[in-house]
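Reading the structure
The lines below spell out each chain.
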Amino acid sequence: MASVRDNQYLDHELHVALLAVQRAAILTKSVFHNHAKGTLNKSDASPVTIGDFGAQALIISALQHNFPDDEIVAEEEAKDLRGEKGQEVRETVWNLVSQTRLENKEYEETLGGSVKSADAMLDLIDKGDSQGGGKGRIWAIDPIDGTKGFLRGGQYAVCLALMIDGDVKVGVLGCPNLPISDSEPLTEGIGKDASDEEGKFGVVFAAKEGYGAVSCPLSKRGDLKMDEINMKPLENVADATFCESVEAGHSSQGDAAAIAKKLGITKPSVRMDSQAKYGSIARGAGDLYLRLPVRADYVEKIWDHAAGELIVREAGGMVTDSEGNRLNFKLGRTLKENKGVIAAPKNVHGKVIEVVKEVLGAKQ
Ligand SMILES: Nc1ncnc2c1ncn2[C@@H]1O[C@H](COP(=O)(O)O)[C@@H](O)[C@H]1OP(=O)(O)O
Ligand SMILES: [Mg+2]
Ligand SMILES: [Mg+2]
Ligand SMILES: [Mg+2]
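The rules behind the values
- Residues numbered from 1 in each chain as written.
- Chains lettered and ligands numbered in written order.
- Predicted model: local features only at pLDDT ≥ 70, side-chain atom pairs only at ≥ 80, totals over all residues.
- Heavy atoms only, no water.
- Donors = N, O, S within 2.8 Å, 3.2 Å for Na, K, Ca; no water.
- Helix = DSSP H or I, 4+ residues; strand = E, 2+ residues; numbered from the N terminus.
- Buried < 20%, exposed > 50% of the residue type's maximum accessible area, 1.4 Å probe, protein only.
- Pairing = 2+ DSSP bridges.
- Axes fitted to C-alpha atoms, helices over the stretch in contact; angles between N-to-C directions.
- Near = heavy atom within 4 Å.
- Polar contact = N/O pair within 3.5 Å; in protein donor to acceptor, adjacent residues only side chain to side chain.
- Areas by Shrake-Rupley, 256 points an atom, 1.4 Å probe, with all protein chains shown as cover.
- Nonpolar A, V, L, I, M, F, W, Y, C, P; charged D, E, K, R; others polar.
- Domains from an automatic or database assignment.
- UniProt positions renumbered as here; feature names shortened; annotations may be inferred.
- Contact = heavy atoms within 4.5 Å.
- Expected span 1.5 Å × (residues − 1).
- Phe/Tyr/Trp six-rings, centres within 6.5 Å; stacked < 30°, edge-to-face > 60°.
- Buried area = accessible area lost by both parts, 1.4 Å probe.
- Salt bridge = Lys/Arg side-chain N within 4 Å of Asp/Glu carboxyl O.

Turning our eyes to something else, we now look at the coordination of the magnesium ion (ligand 3). Looking at the metal site, the magnesium ion (ligand 3) is ligated by Glu75 (OE), Asp142 (OD) and Ile144 (O), spaced 2.0 to 2.2 Å from it. Counting the intervening residues between successive donors of the magnesium ion (ligand 3) yields the motif E-x66-D-x1-I. Between the two metal centres, the magnesium ion (ligand 3) and the magnesium ion (ligand 2), the spacing is 3.7 Å, with Asp142 acting as a shared donor. Of the two residues, Glu75 is situated in the loop between strand S3 (71–74) and helix H3 (87–99) and Ile144 in strand S4 (residues 137–145); the sequence distance between them amounts to 69 residues. By relative accessible area, Glu75 is classed as partly exposed at 23%. With relative accessibility at 1%, the residue Ile144 sits in the buried group.

Attention now goes to the sheet that holds strand S7 (residues 200–208). Taking strand neighbours across the sheet as the criterion, the seven strands line up as S3-S4-S5-S6-S7-S8-S9 in an open arrangement whose pairing is mixed. At either margin of the open sheet sits one strand with a lone partner, and together these are S3 and strand S9 (227–229). For this sheet, the mean inter-axis angle between neighbouring strands, taken without regard to orientation, is 20°. Taken together, the four bridges between S3 and S4 define a ladder with parallel strand orientation.

For the rest of this paragraph, the subject is the coordination of the magnesium ion (ligand 2). Distances from the magnesium ion (ligand 2) to its protein donors, namely Asp142 (OD), Asp145 (OD) and Asp304 (OD), fall within the range 1.9 to 2.1 Å. Taken in chain order, the donor set of the magnesium ion (ligand 2) reads D-x2-D-x158-D.

Around ligand 1, the surrounding shell holds 14 residues, and the nearest of these are Glu75, Ser245, His250, Ser274 and Lys277. For ligand 1, an oxygen atom lies 3.2 Å from a polar atom in the side chain of Asp145. In the complex, the protein chains occlude 90% of the 560 Å² of accessible area that ligand 1 would expose alone. Classifying every residue of the shell around ligand 1 gives one nonpolar, five polar and eight charged. Two domains share the shell around ligand 1, each providing at least three of its residues, namely domain 1 (11–229) and domain 2 (237–361).

Those places that UniProt annotates as "binding site: Mg(2+)" (unreviewed entry) correspond, in this numbering, to Glu75, Asp142, Ile144, Asp145 and Asp304. Judged by maximum C-alpha separation, these annotated positions cover 230 residues in sequence but sit close together in space, the widest gap being only 9.7 Å. In this structure, Glu75 is in contact with Lys42, Gln56, Ile141, Asp142, Pro143, Ile144, Trp303 and Arg333, ignoring residues within four places of it in sequence. One polar contact links Glu75 to Lys42, side chain to side chain, over a distance of 3.0 Å. Turning to its location among the elements, Asp304 is positioned in the loop between strand S12 (288–291) and helix H9 (306–314).

Along the chain, Pro233 turns up in the loop between S9 and strand S10 (242–244). Here Pro233 falls in the exposed class, since its relative accessible area comes to 77%. In sequence terms Pro233 and Val270 are 37 residues apart; their C-alpha atoms lie 19 Å from each other.

Our next topic: helix H10 (residues 346–362). Given a rise of 1.5 Å per residue, 17 residues ought to cover 24 Å, and the 25 Å separating the end C-alpha atoms of H10 matches this to within 8%. When H10 is considered as a whole, its buried residues turn out to be Val348, His349, Val352, Ile353, Val355, Val356, Val359 and Leu360. On the buried face of H10, the contacting elements are helix H7 (253–262), S12, strand S13 (317–320) and strand S14 (341–345).

One pass over the structure, following the stated rule, counts five aromatic pairs. Geometrically, the ring pair formed by Phe32 and Phe150 is tilted, given 5.8 Å between the ring centres and 40° between the ring planes. A residue pair is termed long-range when its members are at least 10 positions apart, and Phe32 in helix H1 (residues 11–34) and Phe150 in helix H6 (residues 147–152) qualify at 118 residues. Phe150 sits in the buried class, given a relative accessible area of 0%. The interplanar angle of 40° and the centroid separation of 6.4 Å between the aromatic rings of Phe32 and Tyr156 together place this pair among those described as tilted.

For the rest of this paragraph, the subject is the domain arrangement of the chain. The assigned domain composition of the chain is domain 1 (11–229) and domain 2 (237–361). The gap between the C-alpha centroids of domain 1 and domain 2 is 23 Å. Facing 57 residues of domain 1, the contacting portion of domain 2 comprises 35 residues. Note on domain 1 versus domain 2: buried area summed over both sides is about 3200 Å², and carbon and sulfur give 62% of it. For the pair domain 1 and domain 2, the interface holds four salt bridges. The salt bridge involving Arg283 is made with Asp182; its shortest N-O contact spans 2.9 Å.

Below, the discussion takes up the sheet that holds S14. Hydrogen bonding along the main chain pairs the strands of a sheet, whether they run parallel or antiparallel. The sheet built from five strands is open, its strands ordered S11-S10-S12-S14-S13 with mixed pairing. Strands at the two margins of the open sheet, each flanked by one partner only, are strand S11 (270–271) and S13. In this structure, S10 lies alongside S12, joined through two bridges in parallel fashion. Pairing of Phe242 across the sheet is with Leu288, part of S12. The strands touched by H9 are S13 and S14; relative to S13, the strand with the most contacts, the crossing angle is about 145°. Across the sheet, H10 is in contact with S12, S13 and S14; its angle to S14 comes to roughly 145°.

Let us now look at the side chain of Glu108. Structurally, Glu108 is set in helix H4 (residues 105–110). Judged by relative accessible area, which is 8%, Glu108 ranks as buried. Sequence-distant contacts of Glu108, that is, excluding residues within four places in its chain, are made with Arg23, Arg101, Leu102, Gly113 and Ser114.

Rendered as C-alpha cells:
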C-alpha cells in the first residue's frame, strides 16, 4: 500500500497539520504542568481553559498562513477574552501564545511564526466560526478534546482534520499523555514513558485518506519520525479490549457493559478521555471504541470525531454510528444524523452493531 509519506497529494496539508498540532501540544503541555488552568464555564456548562484558547489560536494562525482561503470549524470562540472582563485571561493566553514555538526554526517558519498581537490572536480564534457543510475545503479543530480529562490529569487530544466536500482527507491527533510507544498496553492515565525525554512527549497520530495511518512521538522540535500503525487483528470478538469515555454523561457505560457481556467480552473496559481512544485502537493498543448515547437530544460535534474516524479507518478499522451508518460530516458543525459511535476491526464490526442494536432496541 502507498504510505502517507510517499505521495504528494495533500502532503503540504498533512505536514502543516502535523507541525501545527505539535506546536499546540507544546502549549497545552506547558499549561498542564506550569499554570493554573484558567478554567471558565461555557454556556452549556462544559469547561474551557487557557490551553483550549491558546491551542486554537496557534493552529488557526498556521492554517491562515498556509491556506488563507480555507474555512475553519473550531470549537472555541474569543468572546470571553474580549473587553475589560476578559483582560486577565486574555493576557495569560497571549503570554502562552507569544512564547510557544517549535524549536526547529524551519518548521516554525512553515507555520508562519508568531502571532502579531493579542488582538490578532482574538481574531484568529474567531476565524473558527465556519458553519461547515459538504462543499469545499474545511478544517475542523478541537484544540483540547477531553478538557475534563486534561483538568483531571487524564488523556486529552489536540485534534485537526481537513475535509474536502465533506469527506475527511487528512486527520491528526496529538495525545501528549499517551505512551510514546505503540506497543504499550491501553492506558487510562499518563503512560510511563510519556514524560519529557530528549524533548519527546506523548504521541501524534495521523492519516491521509487512501494512504494509511502513522504515529510519531510528539517533540518540541517538531521532528516527524513516523511509523505505520494498524488495528490489531481480532479473530474472536470475545477476546476484545474495549474503551469508552471516563465521563458517564458522555457515553452510557451501562449499555456498553451489556453489549460487551452479550459479545462474550470478559476484559474490563478501559476508560479514557478524548479521541485518544481512536488513536489507541488504531495502533492496536485496544480493539473497540464504544460511544453510546446517554441523552436522545445530544448531537455529536464534527471536531470530536473527524480526525479519529479517519485514523481508525486508515489503520484498517470501521467506524459508524450505533445503527451502523457512516458518520456524515457534510451537515454542518454537528453530526446531526448520527447517534453514538462504534469503532471496531472490519471483520467484527457487523457483529458488534448487531448486538448494539439488540441492546439499545430492547430499551425502547
Ligand atoms: N452529553 C454528551 N454526550 C456525548 N458527548 C458529550 C456530551 N457532552 C459533552 N460531550 C463531548 O464529549 C467529548 C469528550 O468525550 P470523552 O468523554 O469521550 O472524552 C467532549 O468533546 C465533550 O464536548 P465538550 O467539548 O463540549 O465538553
Ligand atoms: Mg471535544
Ligand atoms: Mg475541546
Ligand atoms: Mg469542550
